[in-house]
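In case you want the letters, here they are:
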Amino acid sequence: MSAFKSLSMAMLKGFYRDKATLFFTFVFPLMFLVVFGLIFRDAGSEKIDIGVVGNGKVIATLEQSGLADLQRFDNLDAAVQEVRAGNLPAVVIEQGDQITLRYAASDQTQSRIVSGLLDGVVGAVNQAETGQQPRYLVRADQVEDSSLKAIQYLTPGIMSWGIAITAVFGSALTLVSWRKKQVLRRLRLAPVGVNTLLTSRVTVTIAIAIVQAVIFIGVGLLPVFGLQLTGTWWLSIPVFLCGVLAFFSIGMVVGAFAKTEEAATAAANVIVLPMAFLSGTFFPIDQAPEWVRNVSNVFPLRHLNDGVMDFMVRGKAVDALLVPCAVLLGFTLVMGLIAARVFRWEDS
Amino acid sequence: MTTTGVAAIAATDIHKSYGTLKAVDGVSFEVAEGEFFGILGPNGAGKTTILEIVEGLREPDAGQVRLLGESPWPRRIGLLPRIGVQLQASSFFEKLTAREQLETFGSLYGVGAARVQDMLELVGLADKANTREDKLSGGQRQRLSIACALVHDPDVVFLDEPTAALDPQARRNLWDVLRAIQARGKTILYTTHYLDEAEILCDRVAIMDDGRILALDSPAKLVRGLDAPTRVLLEPGALTEAEATGLPGADEVHSDESSLTITTREPAKLLSALAERGSLAGLQVRTATLEDVFLSLTGREYRA
């Protein structure tokens, strides 16, 4: 076996024989994916509830539209009571040609939606009564491919976060523990180049990240979560690889500075955790306040996350590779140079 | 570069300071090929620093080192396969078995698996081949780390306190390993703070204190050069002090509750006199050791 291969094997065995590391690499991020995936599964597809009393063409059309969940009441009083109690935004009463809308002014957003919906339905029914073809037609099409579903941003977000943690922790802890246990000193006394050491650690980090990605995406694709990949999903692979390198280089800097495993763990957490919250790991960054979006632009995790999402679920074209890859590689370069400057074979 | 007759290690007037502390203060010595050379002294004497400088891990402030005819500093990749270093801390790859450790280190030098088995047998760990490093006992870890230092068949072996923190049985087991290594023709440079051990194992020793070499020779010559008296110990009450003082060859007599000690420069005369009297109960004969050499060199008791 070559030095590169055997060092890689040694690191890989040290990794998969450690149960705690396995847990934090695979199970821990997956728990977030499963929990958030289940909680937000129905988010965005919620329909509005409307109470209805009586019967006729308008209510029938409203029902057929599938835009609202109708709750039938036998008498007006019971329905109004529900609206008053805040359980329903509005109630529609149809008696002959008479259509009445009673709504809760306390819930203006919802009651306006109901009012708009009802206007539309009544207009359509009136138009149909005339027996003429409608002159104007609206054709509505969603811009994103089911982008409202939470799993579409959760999977790339949690995947990016997971590989970021593993890349930072893995490289930092290897460096610290090997230095502390004098394995680095032993390697320094063996005919091994620093490059061999570095490339084997990078290779192992990438290999672990690929396994993570396959698992996270695989779970997301399960019918219960229903992740849908777009046609350009494979373009997220270069972004993914640049991201692993960026976080690997952060880990090398942390590992060079930290004297103990505890210090390295704390430093890695301080770096990755706030980044995760501000980079759209757990919620879409577009919904965050503007300052958060601006701040998060300095984080590599934001670019990794966005870049992966662009191709995996937004279906962007190849030119969208430029920004995330350039930012992540630039980050790798800067961190790599710092790491090379502060690298120490042993604690002096 | 190296030919027979050239010293495996030659250190000339090495100096090394850490801040105001002079860790090594003008040390010179040579180790011949195939020699078992010990550097002895209490903790803080500068043994490890000397070793690290000769290995090429540290640059001396002044002085010159030749290791197999070459300067070990800065890091010289071509020299590294010819030296084997066992480190003070057991530096292993995490979670790997004894065999995997040896295979990994061996592969760094392009050494095959056959050699790994040979090493496991040499250090008596063949039955622990598949045990992970963290499940080995202290003595087993030490032996494994020595095997890791030897796996690529180096010419010069550096052992830094290989027997530290071992129980007496494990220490003795390790001595056998060290002797076996020497029997393979290796040059061994080794540090210890056990003077008794060095006396048994080493061809020559350098006794260090405060960064300097106080004496350098074979243990037997050092002890002989001391010209120290022999002490004969008997059970208390075997003789009265007056009787003892009157014996031929007795120089000094001292008694306490555990023993009666007679100091002599003519042990043969004294012992035959004792035998004639039939007063050999609990007899012990103590000659000078390296500890006495240390005492006479520094004026203080040796404390590891």
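What you see is a predicted model; the values in this text were computed from it and never measured. (Residues numbered from 1 in each chain as written. Chains lettered and ligands numbered in written order. Predicted model: local features only at pLDDT ≥ 70, side-chain atom pairs only at ≥ 80, totals over all residues.)

Chemist: Pulling in residues and values, what's your account of the sheet that holds strand E3 (residues 90-95) of chain A?
Modeler: All names here are of chain A. Here 4 strands make up an open sheet; going across it, the order is E2-E1-E3-E4 and the pairing mixed. A strand with exactly one partner marks an edge of an open sheet, and here the two such strands are strand E2 (68-73) and strand E4 (98-103). Sheet twist, expressed as the mean angle between neighbouring strand axes with direction ignored, is 25°. Two strands pair when backbone bridges link them, and strand E1 (residues 48-54) and E2 are joined in this way by 6 bridges, in the parallel orientation. Considered in E2, the bridge of Gly51 is made with Gln71. (Pairing = 2+ DSSP bridges. Helix = DSSP H or I, 4+ residues; strand = E, 2+ residues; numbered from the N terminus. Axes fitted to C-alpha atoms, helices over the stretch in contact; angles between N-to-C directions.)

Chemist: Mind laying out the interface of chain A and chain B, listing which residues take part and the relevant values?
Modeler: Contacts between chain A and chain B engage 20 residues on the former and 20 residues on the latter. Secondary-structure elements contributing two or more residues to the side of chain A that touches chain B are helix H1 (3-16) and helix H7 (183-188) of chain A. Considered class by class, the residues forming the side of chain A that touches chain B number 8 nonpolar, 5 polar and 7 charged. (Contact = placed C-beta atoms within 7 Å. Nonpolar A, V, L, I, M, F, W, Y, C, P; charged D, E, K, R; others polar.)

Chemist: Give me the domain arrangement of chain A: which residues, what numbers.
Modeler: For chain A, the domain assignment lists domain 1 (2-40 + 149-342) and domain 2 (48-130). Centre-to-centre separation of domain 1 of chain A and domain 2 of chain A, based on C-alpha positions: 51 Å. (Domains from an automatic or database assignment.)

Chemist: Before we move on, can you summarise the sheet that holds strand E3 (residues 36-40) of chain B with the specific residues and values?
Modeler: Residues and elements named next belong to chain B. Taking strand neighbours across the sheet as the criterion, the 6 strands line up as E5-E6-E7-E3-E8-E9 in an open arrangement whose pairing is mixed. Looking along the sheet, the strands with just one partner apiece sit at the ends: strand E5 (83-86) and strand E9 (212-217). If you compare each strand with its neighbour and ignore which way they point, the axes differ by 15° on average. In this sheet, strand E7 (residues 187-192) lies alongside strand E6 (residues 156-160) in parallel orientation, the contact comprising 5 bridges. Note that in E7 the partner of Leu159 across the bridge is Tyr190. In the packing of helix H4 (residues 138-150) onto the sheet, the strands contacted are E5 and E6, and the crossing angle to E5 comes to about 165°.

Chemist: Now, about the packing of helix H12 (residues 300-312) of chain A against helix H13 (residues 322-342) of chain A: what can you tell me, with residues and values included?
Modeler: Packed helices, taken two at a time, are described by their axes: the angle between them and the distance between them. Residue and element names in this part refer to chain A. Packing of H12 against H13 brings their axes to within 9 Å, and their N-to-C directions diverge by 150°. Accordingly, the angle class assigned to the pair H12 and H13 is roughly antiparallel. For the crossing formed where H12 meets H13, the hand is left-handed. Facing Pro300, His303, Leu304, Asp306 and Gly307 of H12, the residues of H13 in contact are Pro324, Val327, Leu328 and Phe331. By residue class, the composition of the contact of H12 with H13 is 6 nonpolar, 2 polar and 1 charged. (Parallel < 35°, antiparallel > 145°, perpendicular 65-115°, else oblique. Left-handed = near helix turned anticlockwise from the far one by under 90°.)

Chemist: With reference to specific residues and values, describe unusual backbone geometry.
Modeler: Residues and elements named next belong to chain B. Residues Trp73 and Pro74 are joined by a peptide bond in cis, for which omega reads -5°. Looking at the secondary structure, you find Pro74 in the loop between strand E4 (62-67) and E5. Unusually for a residue other than glycine, Asp13 sits at a positive phi of about 50°. As for its placement among the helices and strands, Asp13 is situated in strand E1 (residues 9-18). Take Asp13: there are 12 C-beta atoms within 10 Å of it, and that puts it in the exposed class. In this structure, Asp210 takes a positive phi of about 50° despite not being glycine. (Buried ≥ 20, exposed ≤ 12 C-beta atoms within 10 Å, placed from the backbone.)

Chemist: Outline the packing of helix H9 (residues 236-257) of chain A against H13(A), supporting the account with residue identities and numerical values.
Modeler: Residue and element names in this part refer to chain A. Running from N to C, H9 and H13 cross one another at 20°; their axes reach a closest spacing of 8 Å. Relative to H13, the element H9 is oriented roughly parallel. In this structure, H9 crosses over H13, and the sense of that crossing is left-handed. Residues Pro238, Val239, Cys242, Gly243, Leu245, Ala246, Ser249, Ile250, Met252, Val253, Ala256 and Phe257 of H9 form the contact with H13, whose participating residues are Pro324, Cys325, Leu328, Leu329, Phe331, Thr332, Met335, Gly336, Ile338, Ala339 and Val342. Counted by class, the contact of H9 with H13 contains 19 nonpolar, 4 polar and no charged residues.

Chemist: With reference to specific residues and values, describe helix H6 (residues 151-180) of chain A.
Modeler: All names here are of chain A. The terminal C-alpha atoms of H6, which comprises 30 residues, lie 42 Å apart, in line with the 44 Å expected from a rise of 1.5 Å per residue. Most of H6 is tucked away: 28 of the 30 residues are buried. Within two residues after H6, Gln182 carries a phi angle of roughly 65°, on the positive side. (Expected span 1.5 Å × (residues − 1).)

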